[in-house]
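Next come the chains, spelled out residue by residue.
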Amino acid sequence: MDPLIIKATEYTPEIILDKERGIFEFKGNSLPENAMAFYEPVLDWFTEYKSQPNTQTDVYFNLGYINSSSSKKIMDVLELLEEILESGAQNIQAHWQYEEDDEVNEDTGKAFQEITSLPFKLEVY
Amino acid sequence: MLSAHYKHGYSVLDQYTQDLNLEYHGVFERPFLEALWSISAIRFHKHTNSFSHSKKQLIILVELCQNVALYSKDGLGILSISPQKEQNIKIETKNIVSIEQKEALLRHLTLLKNSVPVALEEIHKQKLEEKSSKKSAGIGLVEVYKYSKKVQFKFVENKNSCTFHLTVII
């Protein structure tokens, strides 16, 4: 499966999804003009990954500013990961990373943690 | 009419780099919003000296501008930003919405206005989970209420549409 690599801009995150190397990362601001279009290849990639996932999948979200339309798309990513988890013996862990005094991303992470059935760690740095 | 007040966004931003007062009448197009974001990120942080506070201010600015850009007729609107006491800022937007949009906004805003913080958290989670074809399904306004010190809104009806005024202090 080909990796998906999206370079960061000031307004969109770097995204690395690499099954071979076991790297699943979102890093940077997520303020795209059109979140549906921006996250579409990400959702397509996870949909394909779902058919043959690694035995261990650690997904790291280290996001800065997130607009509300991006939050919806991140929720879609989490739902796809839930489907992988529910489909069998795969081990999935989501890591939500945020700065110590970042109350907004702490709140967002807590909301995702309460909604999702995934193992979901809040990690302060 | 909003369109009668159209100004070139970048000349307005030139002044905004010098102080925290901005008034923009025009199209909420992406290049303007990106320039506004870049300058606001610096200006808000200088104004508050608190990362957490300036982040809330920026997120609300993004959501308010996004609302105008996505839902206003022709993307036209008015934005003003002014400094307030205790490192707060006031952000005001005005834009034209249809009567149908007004009804939906009024229901959503009234619910948020009457919700205590714990209830706002629950609404936030419900909106995240909601299957909706809409781009953000009203999450932005939930965040506006969660992080603002004061929110005021009003609708001024015209013939077939109305002007939506939203004022936020944060």
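Computed from a predicted structure; not experimentally measured.

**Student:** Whenever I open this one, the overall build of chain A confuses me. Can you help?
**Tutor:** The number of helices and strands found in chain A is three helices and six strands. For chain A, whose C-alpha radius of gyration is 14 Å, the value lies close to the compact-globule estimate of 14 Å for 125 residues. Its C-alpha atoms give chain A principal-axis dimensions of roughly 35 × 25 × 20 Å. Within chain A, the fraction of its 125 residues that count as buried is 54%. Sequence separation of 24 or more characterises 68% of the internal contacts of chain A that already satisfy a separation of 6 or more.

**Student:** How should the interface of chain B and chain A be read in this particular structure?
**Tutor:** A common measure of how large an interface is: the accessible area buried when the components associate. Across the contact, 30 residues belong to chain B and 29 residues belong to chain A. Both sides of the chain B and chain A interface together cover about 2,700 Å² of buried area, and 56% of this is carbon and sulfur. The tally of links from chain B across to chain A stands at four salt bridges. For lysine 56 of chain B, the salt bridge goes to glutamate 103 of chain A, with nearest N and O atoms at 2.8 Å. In this assembly, chain B and chain A are joined by 16 residue pairs in polar contact (both at pLDDT 80 or more). Looking at the side of chain B that touches chain A, the elements with two or more residues in it are helix 2 (30–48), helix 3 (51–71), helix 5 (117–129) and helix 6 (139–147) of chain B. Ranked by the residues each element gives to the side of chain B that touches chain A, the list is headed by helix 3 of chain B, at nine residues.

**Student:** What is the right way to look at the packing of helix 5 of chain B against helix 6 of chain B in this model?
**Tutor:** To describe two helices that pack against each other, one gives the angle between their axes and the distance between the axes. Residue and element names in this part refer to chain B. Packing of helix 5 against helix 6 brings their axes to within 10 Å, and their N-to-C directions diverge by 160 degrees. Relative to helix 6, helix 5 is oriented roughly antiparallel. Here the hand of the crossing between helix 5 and helix 6 comes out left-handed. Residues Leu120, Glu121, Ile123, His124, Lys127 and Leu128 of helix 5 form the contact with helix 6, whose participating residues are Ile139, Val142, Glu143, Tyr145 and Lys146.

**Student:** Please explain the nonpolar core as it appears in this structure.
**Tutor:** Burial of nonpolar side chains together is a common tendency in soluble globular proteins. Tyr16, Leu22, Leu36, Leu79 and Ile81 of chain B are the most contacted members of the largest nonpolar core, which has 47 residues in total. The element that contributes the greatest number of residues to this core is helix 3 of chain B, accounting for eight residues. Once residues lying within four places of it in the same chain are set aside, the contact partners of leucine 22 of chain B are Val12, Leu13, Tyr16, Leu36, Leu79, Ser80 and Ile81 of chain B. Within the second largest apolar cluster, 36 residues are counted, among which are Phe24, Val59, Ala111 and Ile115 of chain A.

**Student:** Before we go on, may I ask you to explain the sheet that holds strand 2 (residues 14–18) of chain A in this structure?
**Tutor:** Each strand in a sheet pairs with another by means of backbone hydrogen bonds, the pair being arranged parallel or else antiparallel. All names here are of chain A. One open sheet holds the six strands; their spatial order is 1-2-3-4-5-6, and the pairing between them is mixed. In the strand order of this sheet, the two ends are held by strand 1 (4–6) and strand 6 (120–124), each with one partner. The average undirected angle you get between the axes of adjacent strands in this sheet is 15 degrees. Across six bridges, the pairing between strand 4 (residues 56–66) and strand 5 (residues 91–98) is parallel. Paired with phenylalanine 61 across the strands is tryptophan 96, a residue of strand 5.

**Student:** It is not clear to me how the packing of aromatic side chains should be interpreted in this structure. Could you clarify?
**Tutor:** Centre-to-centre distance and the angle between the planes together describe a pair of aromatic rings. Across all of its chains, the model carries 16 aromatic pairs over all chains by this definition. Plain terms: the ring middles of phenylalanine 46 of chain A and tyrosine 49 of chain A are 6.2 Å apart, the flat faces sit at 85 degrees to each other, and that makes the pair edge-to-face. Of the two residues, phenylalanine 46 of chain A and tyrosine 49 of chain A both sit in helix 1 (residues 35–50), three residues apart, roughly one turn of that helix. Aromatic pair phenylalanine 155 of chain B and phenylalanine 164 of chain B: ring centres 4.9 Å apart, planes at 15 degrees, arrangement stacked. No difference in accessibility class separates phenylalanine 155 of chain B from phenylalanine 164 of chain B, as the two residues are buried. Of the aromatic side chains, those joined through ring pairs into one cluster are Phe26, Phe61, Trp96, Phe112 and Phe120 of chain A. Residue placement shows arginine 30 of chain B over the ring face of tyrosine 11 of chain A; its charged tip is 5.5 Å from the ring centre.

**Student:** Looking at this structure, how should I read helix 5 of chain B?
**Tutor:** Since there are 3.6 residues in each turn of an α-helix, residues three or four apart along the chain are aligned in direction. Taking 1.5 Å of rise per residue, the 13 residues of helix 5 of chain B would be expected to cover 18 Å, and the 19 Å separating its terminal C-alpha atoms lies within 8% of that figure. Taken as a whole, helix 5 of chain B has its buried residues at Leu120, Ile123, His124, Lys125, Lys127 and Leu128 of chain B.

**Student:** How should the pattern of salt bridges be read in this particular structure?
**Tutor:** Where side chains of opposite charge bring their charged atoms close, a pairing between them can arise. All chains considered together, the criterion is met by 14 salt bridges over all chains. Note that glutamate 83 of chain A is salt-bridged to lysine 50 of chain A, the shortest N-O span being 2.6 Å. Here glutamate 83 of chain A, found in helix 2 (residues 68–86), pairs with lysine 50 of chain A, found in helix 1; they are 33 residues apart in sequence, far enough to count as distant. The salt bridge partner of aspartate 107 of chain A is lysine 146 of chain B, with a shortest N-O separation of 3.9 Å.

Criteria and cut-off values
- Residues numbered from 1 in each chain as written.
- Chains lettered and ligands numbered in written order.
- Predicted model: local features only at pLDDT ≥ 70, side-chain atom pairs only at ≥ 80, totals over all residues.
- Heavy atoms only, no water.
- Helix = DSSP H or I, 4+ residues; strand = E, 2+ residues; numbered from the N terminus.
- Rg over C-alpha atoms; globule rule 2.2 N^0.38 Å.
- Buried < 20%, exposed > 50% of the residue type's maximum accessible area, 1.4 Å probe, protein only.
- Contact = heavy atoms within 4.5 Å.
- Buried area = accessible area lost by both parts, 1.4 Å probe.
- Salt bridge = Lys/Arg side-chain N within 4 Å of Asp/Glu carboxyl O.
- Polar contact = N/O pair within 3.5 Å; in protein donor to acceptor, adjacent residues only side chain to side chain.
- Axes fitted to C-alpha atoms, helices over the stretch in contact; angles between N-to-C directions.
- Parallel < 35°, antiparallel > 145°, perpendicular 65-115°, else oblique.
- Left-handed = near helix turned anticlockwise from the far one by under 90°.
- Core = buried A, V, L, I, M, F, W, Y, C linked by side-chain atoms within 4.5 Å.
- Pairing = 2+ DSSP bridges.
- Phe/Tyr/Trp six-rings, centres within 6.5 Å; stacked < 30°, edge-to-face > 60°.
- Lys NZ or Arg CZ within 6 Å of the ring centre and 35° of its normal.
- Expected span 1.5 Å × (residues − 1).

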